[in-house]
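# Summary of structural features
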Amino acid sequence: MTPTPSTRLHVQLDGRPMSIATGSSVAAALAARAPGNSRISVTGEKRAAVCGMGVCHECRVLINGHLRLACQTPCEEGMRIDTVLERAASSAPPASFNGHNSTCDLLIIGAGPAGMAAALAAAPSGRAIVLVDDNPATGGQIWRDGPGAKLPVQARRQRERLARHTNIRLLCGTRVAGMAGSPNHPALLLEDAHHGWVQHYRSLILCTGARELLLPFPGWTLPGVTGAGGLQALIKAGVPVRGQRIVIAGSGPLLLAAARSASQAGAKVVRIAEQADWRALLRFSRGLTRWPGKALQAATLFSPRFRTASHVLDATGDGRLQQVRLRRAEGEERIACHRLACGFGLVPNTQLGQMLGCELNSHKGLKVNELLQTSAPGIFAAGECTGVGGSERAQIQGAIAGHAAVGELALATRLLPGLARWQAFANALHRHFTLGAPLLTLARPDTLICRCEDVPQAALAGHTSWIDAKLHTRCGMGACQGRVCGAAVQALYGWQPAPPKHLLTPTRIDTLAGFGPPDAPHDNTLRPRGGSPE
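Where an unreviewed UniProt entry is consulted, the chain appears under the name Ferredoxin--NADP reductase, with the organism given as Achromobacter pestifer.

## Points about the state of the cysteines
What makes a disulfide is a covalent bond joining the sulfur atoms belonging to two cysteines. Across all of its chains, the model carries zero disulfides by this definition. There is no disulfide at Cys475, and the cysteine sulfur nearest it, in Cys485, is 3.9 Å away.

## Points about the packing of aromatic side chains
This model, assessed by the stated rule, comprises five aromatic pairs. With a centroid separation of 6.4 Å and an interplanar angle of 45°, the aromatic rings of Phe284 and Phe425 are classed as tilted. Of the two residues, Phe284 is situated in helix H6 (residues 278–287) and Phe425 in helix H11 (residues 416–432); the sequence distance between them amounts to 141 residues. In this structure Phe425 comes out as buried when scored by relative accessible area, which is 5%.

## Points about the UniProt feature "domain: FAD/NAD(P)-binding" (unreviewed entry) in the chain
Per the UniProt record, "domain: FAD/NAD(P)-binding" (unreviewed entry) is found at residues 105–391. When the span residues 105–391 is considered, its composition is 24% helix and 31% strand, and the gap between its end C-alpha atoms is 26 Å.

## Remarks on the packing of helix H9 (residues 391–405) against H11
One way to put it is that H9 packs onto H11 with a least axis distance of 9 Å and a crossing angle of 145°. For the element pair H9 and H11, the recorded crossing hand is left-handed. Along the contact surface, H9 presents Glu392, Arg393, Ile396, Gln397 and Ile400, while H11 presents Leu416, Gly418, Leu419, Trp422, Gln423 and Ala426. Counted by class, the contact of H9 with H11 contains six nonpolar, three polar and two charged residues.

## Describing the sheet that holds strand E20 (residues 311–316)
Overall, antiparallel pairing links the three strands, which are arranged E20-E21-E22 in an open sheet. Two strands close off the open sheet at either side, each with one partner strand: E20 and strand E22 (331–336). Going from strand to strand, the sheet's axes swing by 25° on average, the running direction of each strand aside. Pairing analysis gives six bridges linking strand E21 (residues 323–328) to E22, with the strands arranged antiparallel. In the strand pairing of E22, Arg325 is matched with Arg334.

## Side note on the side chain of Arg393
Mapped onto the elements, Arg393 comes out in helix H9. Buried within the structure, Arg393 lacks any salt-bridge partner; Glu384 is the closest side chain of opposite charge, at an N-O distance of 4.1 Å. Engagement of the side chain of Arg393 in a polar contact is seen with the backbone oxygen of Gly383, the distance being 3.5 Å. Only 2.7 Å separates the side chain of Arg393 from the side chain of Gln423, close enough to count as a polar contact. Filtering out sequence-adjacent residues up to four positions away, Arg393 remains in contact with Gly383, Glu384, Thr386, Gly387, Val388, Leu419, Trp422, Gln423 and Ala426.

## Quick notes on the pattern of salt bridges
Per the stated rule, a full pass over the model turns up 22 salt bridges. Across the salt bridge formed by Asp454 and Arg47, the nearest N and O atoms sit 2.7 Å from each other. Remark: Arg47 occurs in strand E4 (residues 46–47) and Asp454 occurs in the loop between strand E26 (448–450) and strand E27 (455–456); sequence separation between them is 407 residues. We note a salt bridge from Glu58 to Arg451, for which the minimum N-O separation is 2.8 Å.

## Section: the sheet that holds strand E2 (residues 16–21)
The strand order across the open sheet built from five strands is E2-E1-E7-E5-E6, with neighbouring strands paired in mixed fashion. With one partner strand each, in any of the chains shown, E2 and strand E6 (66–69) form the two edges of the open sheet. Between one strand axis and the next, the sheet turns by 40° as a mean value, whatever way the strands run. Inspection of the sheet shows strand E5 (residues 60–63) paired to strand E7 (residues 80–82) by two bridges, in the antiparallel sense.

## Digging into the side chain of Ser391
Tracing the backbone shows Ser391 in helix H9. If we ignore the near neighbours within four places in the chain, the residues touching Ser391 are Pro113 and Ile142.

About the thresholds
Residues numbered from 1 in each chain as written. Predicted model: local features only at pLDDT ≥ 70, side-chain atom pairs only at ≥ 80, totals over all residues. Heavy atoms only, no water. Disulfide = S-S within 2.5 Å. Phe/Tyr/Trp six-rings, centres within 6.5 Å; stacked < 30°, edge-to-face > 60°. Helix = DSSP H or I, 4+ residues; strand = E, 2+ residues; numbered from the N terminus. Buried < 20%, exposed > 50% of the residue type's maximum accessible area, 1.4 Å probe, protein only. UniProt positions renumbered as here; feature names shortened; annotations may be inferred. Axes fitted to C-alpha atoms, helices over the stretch in contact; angles between N-to-C directions. Left-handed = near helix turned anticlockwise from the far one by under 90°. Contact = heavy atoms within 4.5 Å. Nonpolar A, V, L, I, M, F, W, Y, C, P; charged D, E, K, R; others polar. Pairing = 2+ DSSP bridges. Lys, Arg positive; Asp, Glu negative; His and termini not counted. Salt bridge = Lys/Arg side-chain N within 4 Å of Asp/Glu carboxyl O. Polar contact = N/O pair within 3.5 Å; in protein donor to acceptor, adjacent residues only side chain to side chain.

What follows is the structure, encoded as structure tokens:
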């Protein structure tokens, strides 16, 4: 539906006026202008948002004079956006350090289904709770809001329930920059668009979710190529796709969900290429009788454009995607298209947990016990960061962790049978959608593995580990801090990326300059005021 004038606002993009739908992200504004790129790489390539959720850092631009991620920033009336950084002389007031004296009883990182459930479970205890998320609103990726999103009833109800609890402080648009505090006074360094501060806590629940596994193939850095989940996130944020031809490739149910989002936004999905063969899909479908809701969902998402045993070979175009080449059992297929969305699975976001001393499990997620306690004292984890398993599993884990973190062990234990049911579903997903070997050999010697530093596969030849490659090639040393290429080389070569030591993301000088030793909390303290009744 075309927005009416009353639903639009005006921004300045590289000095030129632009009208955009209210609620759209800055990434949507960039995508609406040809060729849609947000930056120029170190070797002169045009780049655009690929993850759509603040991981890849390909969409970093100057917004009102400050470097920010376009996919995480909503457009505001009169906002100034500059993609050529040298042109933007900042007239905005500098960011600042806003003190290091805030504290709470329970700090929850991540406000997706797991984080929201954790906060709601813990709130009736009356503990002072701080819920942090780097997105503009709660919901994580699955319940991401925006002008192109239609929030499910459950998501709206969860938001309403959170708002009723006066002992929950919600901090959206806020990210964890790194570690702070001391063993006796644990704390994290937080940062939003305006300030940085140290947040002390007594207990911590990590609900940091997962990110897409982005496997390199020729042409994967072209504007127009995104992750499957990235395409969904960008569409929800207002990126215009009406009338565009879209190819979706990879593996797993996310492909069908991304196709549905694109079709509902007016795009023409010309192919859905699933790398698994029909036998694996048949076995998975038969097992869905244990989860009738999932079986119904799968049936409603099916598309006649769906093909099995098919995967991407390369993408080509002059400064932007124009054509995709696919491998199928009967040969190759070339498709002209405007966008390619590749979903190769998800990777748990464990960097913060590892930095805090948490061990990993066999699924490359944070290791937890029955009540979601990690190996680090006082730290719990819930949701996709403990292993990818879907929103139902994440919500139950979040509730268990919330109860356990405030000492309500009996309430936590009652939820364990439900968790076992959804863990079985997660295990079925892992069994039937394992990536095939051909997907791990798509990159050529000149294919870039590290997008931030433009490191090609040939430069990694002869290196034996992640650290060795970083030291000699700068692979993993760019703005995304190895979140994209680190997961890729782990899949391709078996290299285990080293966790960060102190800082989690690129952080403003103002925040670091103001950061000092922890002091006793005073006026910034969030004091418990009691949970409101349900």
